[in-house]
There are 2 protein chains.
Amino acid sequence: MLHNMQKKYIKEDPWSLIQEGWNAERVESSESLFSIGNGFIGQRANFEETYSGKTFQGSYVGGVYYPDKTRVGWWKNGYPEYFAKVLNAPNWIGLKVICNDEELDLNLAKEIINYRLELNMRAGWLNRSFEIILQNGSHLKINSRRFISLAIKELGAIKYDVQLINIDADVKIIPFVDADINNSDSNWDHKFWNIVGSKFQGNAAWIRTITNKTNFDVATFMDTKLILDSGDLVEKNQISGHKKVEHNYEFHLEKGQSATLIKFGGYVSSLNTPSDGIDQKVVSIISKANEIGFDALLNIQKKKWGDVWKMSDIQIEGDVSAQQGIRFNIFQLNQTYNGEDYRLNIGPKGFTGEKYGGGTYWDTEAYCLPFYMVTKNQEVALNLLRYRYQHLEKAKENAIKLGFNTGAALYPMVTMNGEECHNEWEITFEEIHRNGAISYAIFNYTRYTGDTKYLFNEGIEVLIAVARFWVQRVHFSKVKNQYVILGVTGPNEYENNVNNNWYTNFIAKWCMSYALETLDNLKQINKEGFEDIKEKLLFTDAESEKMKNVSENIYLPYDSERDIFLQQDLFLDKEIAPASSLKPDERPINQNWSWDRILRSCYIKQADVLQGMYLFEDQFTKAELERNFEFYEPLTVHESSLSPCVHSILASSLGRTEKAYSLYLRTSRLDIDDYNHEVEEGCHITSMAGTWLSIVEGFGGMRILNDRLSFNPKIPDNWKAYTFKVNFRNHILRVEVSKESTKFVLEKGNELELYLNGNLIQIESEARVLS
Amino acid sequence: MLHNMQKKYIKEDPWSLIQEGWNAERVESSESLFSIGNGFIGQRANFEETYSGKTFQGSYVGGVYYPDKTRVGWWKNGYPEYFAKVLNAPNWIGLKVICNDEELDLNLAKEIINYRLELNMRAGWLNRSFEIILQNGSHLKINSRRFISLAIKELGAIKYDVQLINIDADVKIIPFVDADINNSDSNWDHKFWNIVGSKFQGNAAWIRTITNKTNFDVATFMDTKLILDSGDLVEKNQISGHKKVEHNYEFHLEKGQSATLIKFGGYVSSLNTPSDGIDQKVVSIISKANEIGFDALLNIQKKKWGDVWKMSDIQIEGDVSAQQGIRFNIFQLNQTYNGEDYRLNIGPKGFTGEKYGGGTYWDTEAYCLPFYMVTKNQEVALNLLRYRYQHLEKAKENAIKLGFNTGAALYPMVTMNGEECHNEWEITFEEIHRNGAISYAIFNYTRYTGDTKYLFNEGIEVLIAVARFWVQRVHFSKVKNQYVILGVTGPNEYENNVNNNWYTNFIAKWCMSYALETLDNLKQINKEGFEDIKEKLLFTDAESEKMKNVSENIYLPYDSERDIFLQQDLFLDKEIAPASSLKPDERPINQNWSWDRILRSCYIKQADVLQGMYLFEDQFTKAELERNFEFYEPLTVHESSLSPCVHSILASSLGRTEKAYSLYLRTSRLDIDDYNHEVEEGCHITSMAGTWLSIVEGFGGMRILNDRLSFNPKIPDNWKAYTFKVNFRNHILRVEVSKESTKFVLEKGNELELYLNGNLIQIESEARVLS
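Rules and cut-offs
- Residues numbered from 1 in each chain as written.
- Chains lettered and ligands numbered in written order.
- Predicted model: local features only at pLDDT ≥ 70, side-chain atom pairs only at ≥ 80, totals over all residues.
- Heavy atoms only, no water.
- pLDDT = per-residue confidence, 0-100.
- Contact = heavy atoms within 4.5 Å.
- Least-squares fit on C-alpha atoms with pLDDT ≥ 70 in both.
- Buried area = accessible area lost by both parts, 1.4 Å probe.
- Salt bridge = Lys/Arg side-chain N within 4 Å of Asp/Glu carboxyl O.
- Polar contact = N/O pair within 3.5 Å; in protein donor to acceptor, adjacent residues only side chain to side chain.
- Helix = DSSP H or I, 4+ residues; strand = E, 2+ residues; numbered from the N terminus.
- Nonpolar A, V, L, I, M, F, W, Y, C, P; charged D, E, K, R; others polar.
- Core = buried A, V, L, I, M, F, W, Y, C linked by side-chain atoms within 4.5 Å.
- Buried < 20%, exposed > 50% of the residue type's maximum accessible area, 1.4 Å probe, protein only.

(A) Inspection of the confidence of the model for chain A at higher detail. All names here are of chain A. Per-residue confidence for chain A gives a mean pLDDT of 95; residues scoring 70 or more make up 99%. Per-residue pLDDT stays below 50 along residues 1-6; that stretch engages in 5 contacts with residues further than four places along the chain or on separate chains. Taken over the whole predicted complex, pTM reads 0.93, whereas the ipTM for its chain interfaces reads 0.90.

Laid out in structure tokens, this is it:
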């Protein structure tokens, strides 16, 4: 009951997240939900002023990490020695407000009135306003507006207004940069940051810090000015400590008057600026920010976000809740990754938390790639592929470490710089299906864009290295007279160390066959390039034969009685009962059951066989999909954020629109409604791409068919219409689906042949087709 | 090569471990091998004087532990919050020797001459002698003799001689007690000991410490005197710090003269003495020690060890290496556990190290019980059973925590006080066969002693609680139409989370059937007792029926082609190749292969199917045993110390005496020859009982048959004869096996019927039977 009440604390609104009313219990949840970022830097929605209540402070610089020494209960051979983790960076947003000697602190207030938090997704800013009565009786009104600039990637800005309501007072406002940051998740109490020094210059001040071991050099800066109603600027004192630099503004304000602090801040790091140019870069950013000014920057921000929305927005008519959900997902994805830098990627929590160390998972390839591919230009998706190509040598080293021969690659389960940084044997060593997703992404990109340049150059090296891994990873079973894959964990992490996980075997088979097919294709179109790659990779005809043999003779578990694929060899030895038969107090089972009990149950954390049928849908009949969906979906507890979306898409594909809709709601409002009781740890960023897929591939039924776009639109009962856009091979296509019709508008490009419900149609500029 | 050379650093000797010559690399290994203890307290063979080189300091008080907070990489539901671990206790042996202002330290010596270490197992003392030339040129001769008293359980004693060889000198000898002890394995840098205070009284001094959380109150004491050649005593100063108490002896010695420090020391703990009586107890022990004196105590020690050897010695003629090996094993077992206190048990490292936290494993029931049962009186074995009975309620709580219903018990994988303190899901939650060993020990004790009193009182409660666990732990497989046990780790820990581990299923079946059989037997002989127990345990006829049904219909994997039992459902999907085909540099595989590679290989860490056939040998034919041995033994890498002994016994049983002998050597000299390259961590105490079994059950072929002893003696080629004794139902039987004959001598008791090679014979007082 409590949960349901709490769910409603975010107001429904098509373009904003709004919280009205103070709730100390929800501070950390809101810090996650209202996070802001620009793909390079990002931060939780922590308060600027001092807050002594429960808070989870987080500010992050993309690509800046620390290799923490692994700490496990029981060491297993093969574990990585280090676990790279995203760093909590020095704080540039902080300030103190002191009114007649009492510091403003929401946790210690006598009264809080009209507390309101708004994340305006259309314009890309965060606003927090409230009135507060201090213990000394002072009544103040505060408004804070903050954004992380899309225009200047190192920059954030705050406009912080303080107004006196009932008294005259001596006021101090002390903005600061604080580099005294601990990572509470340090395994061995190591320090992650070394402080190098601080500097004051004009209205600016900054602290230079260097990460231990990785030597990332980061300047955290601020530039402040304080303006009174009169338009007068207040003079400041500068206070410099070893770990903190402050500007101290002291002034007298009369009842009704207000003061406004403009604070620019952010990070310049050696990731993009050579160390000896960092100070200069800080100065130039600050100078540019001042030149443009806060209000103009805010306008630019709105325009920039407008550009993003223009392409990536999905409009849903008739369902504000669903509308808010999808926009929140699209907004967060764009805050997390913008595709401009191939060294960056998408952590499961983005810039909204630290869980999972901020590393990259197979989520990127399996879920996120399509979103960026369809809503951005081709270069962005390409950067996601390049991210893995740059890590190919590390993936090969990883395979060697685990006993494989030279040339085979096992991509890490979690990574920052290409090295594995996960340490749980059943995942690190066994959840190897991730390797398949790396190859699949290359296939998916090529299929969608029609661009084979990447495939035949960098891509093919990845495909062969991955295929080689599979050739070595199989065993020949005399009992089955086929190749088997023993000891794996499939996408369903509620089974560990199983034999012949269908998904893993299927994607392994596909990886080998796709690598061979790609080589064949290259041979057809570019014999020389083909010979070059064979020579470079020492790929022989004998190896090709062996790979073909393994691929063609891999065992795929199957139950003839039910005519379904088997999640793993012994799945049917389990007691099969639908998840709906679980008692409510047993769910989620991962919080209520011991691990062994989960493992020997039939319950599935996230799509497994169905994940494979989703990725390779065209290899199966609708009837096959139907049977497997019918068997597996009822056993699925969806305790991974990545689960509902896949099922929603498949349900749409099977015409089960009602089921698809209920699963869609679960994925799109997962964080806003806090289904998993954990949003305070951060938002589920990567699964947000799954939400987008649930609409575009799910309800919209978008696929690539015969080198063309294909749609099979459905619409949930309570939606009037929905619209999305597709950037496809130099065309921009708007798709508007209503109950009666589907309308295509070509916003860019001339003519486009596409399939609608299986029929080839030609779009000149605009076409409306009745359903 | 290096390894083989190093192996020989312990001299072969029938009654002693002797190291001759200084070897800094071997200090930690010798500290393990030369450990001393008396079942209550024990310690590694650390040097008394300062040593700045690599050393692993360890002194332990049996039953005194600390519940360290669990630290794992990834938490799993069901993990215990605490991990009880044996504590490194304050040091009572320490002293400093300072000669003309230079401190004696073997690590900083100019030269070390005639270094010799002897552990005299017959008399129970440790002696260390050497000459040392300090950097200042002083040449000293040192002899230290030390023992932990069998007569006074809290007491240890040291006689430390210092002789000047080439100079006159000002000498300081400073014996101390040091409570500044860190446990380097603390998970969260917690302190384990609180220091309460120190006290000086006469020649004695002690420090009182209390363990955090568990509140064990321990006094660590010393009593010293320093005697010159002249017989004069040297006066001392007392120095007291917060964490250390010292006696400071300063004196002048001339060339050729010597000084002798007599130091008594040890521990009095609240485990056996109420807190307010501890000081008094310290005083009375010291007074008693002084009354008897060092030399007389040493004589008593020899006599007490003589009593131990009288019953438990095994003599081997013609093979000094084997003789030294078995005596070392018997000696260490007796140092670790004496059966006088049912709250204590046998940690895998005893008092020789800290690995495995000093907790109790199934090793006790599966390997150690027979040794104590046969070489001690019945009460000792009974105390091992009582240890588990006192933990029954905790085992029930553990089962509830893992989702089982009231009344079922799952004994912990590792424990100190009955609570689980292991945290590796595939072991903690899945290596549940341990529960079977608990029941088996009751059966084994009853079979051997003929005493049913324990069985029908305490034992039956344990049997039912364990049987109930199995009834709940099975699943009914529709595919197999039988009960299956999913997701377990068998004794072979190189397979995890497998289905239907034959050993586990077999012992589960047996546990249920034995519990029911015991209830039936009780009903026959004591109807009222039967009704009482049913009522106490709420055991209904319906439950009995269900248990019977599960027991009779449990699936036991079997391969009809090879006519062998299958280690687990999918074992034959593995690639089968003998361990002999592994390259030498791959072994031990647990140090050279990644964990996943081990898991999907066919290699077996320790007996699994064969472990079951060993425990339940009479349920199988020799031909069955032969086939299974032939299949599994070649796949076994024996990387558990508990493996070779079981195979040695089975090989003997199959008449493969040569194989049995090679496996015997491996188990008996495992630590002395450091087969596993890890003796510096401590000795493998529990597997030492397996060594004893290899002779008595292996070569001697001792079994219980029709309520009588039975022997089928074999003798390895290079042994002339061997002799052991058996304490059986108020008889003491000496068994002497030579190539030509087997001789039985009844040292206690009148007449004994026994089987020799299947023939029933009667022993009056002595009998020799030609082979």
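Once you've had a look at it, read on.
(B) Examining the relation of the copies chain A and chain B more closely. After a rotation of 180 degrees and a shift along the axis of 0.1 Å, chain A superposes on chain B with an RMSD of 0.1 Å. The operation mapping one copy onto its partner corresponds to a two-fold rotation axis. Distance from the rotation axis, computed per C-alpha, reaches its smallest value in chain A at A:Val72: 2.4 Å. When you check the interface residues of chain A against chain B, 100% turn up at the interface there too, and the contact is symmetric in its surfaces.

(C) Structural detail: the interface of chain A and chain B. Contacts between chain A and chain B engage 50 residues on the former and 50 residues on the latter. Of all residues in chain A, A:Trp74, A:Asp573 and A:Arg600 bury the most surface against chain B, accounting for 19% of the area lost on that side. Along the contact surface separating chain A from chain B lie 6 salt bridges. The interface formed by chain A and chain B holds 28 residue pairs in polar contact (both at pLDDT 80 or more) in total. Residue assignment for the side of chain A that touches chain B shows that the elements contributing at least two residues are helix H9 (425-428), strand S22 (475-477), helix H15 (589-592) and helix H16 (595-600) of chain A. Among the elements that line the side of chain A that touches chain B, the one with the most residues is H16(A), at 5 residues. A per-class count over the side of chain A that touches chain B returns 18 nonpolar, 17 polar and 15 charged.

(D) Looking closely at the nonpolar core. If you look at the biggest cluster of nonpolar residues, it comprises 474 residues, and the most contacted ones within it are A:Leu709, A:Phe711, A:Val726, B:Leu709 and B:Phe711. Setting aside residues no more than four positions away along its own chain, A:Phe711 makes contact with A:Gly700, A:Gly701, A:Met702, A:Phe724, A:Val726, A:Leu733, A:Val735, A:Phe744, A:Leu754, A:Tyr755, A:Leu756 and A:Asn757.

(E) Looking closely at unusual backbone geometry. The residue after A:Arg587, namely A:Pro588, is reached through a cis peptide bond having omega -5 degrees. Despite not being glycine, A:Asn100 has its phi angle at roughly 50 degrees, a positive value. Located in the positive-phi region is B:Asn497, a residue other than glycine, with phi close to 55 degrees. Tracing the chain through its elements places B:Asn497 in the loop between strand S23 (482-484) and helix H12 (502-525). A residue is classified by how much of its surface remains accessible, and B:Asn497, at 11% relative accessible area, is buried.

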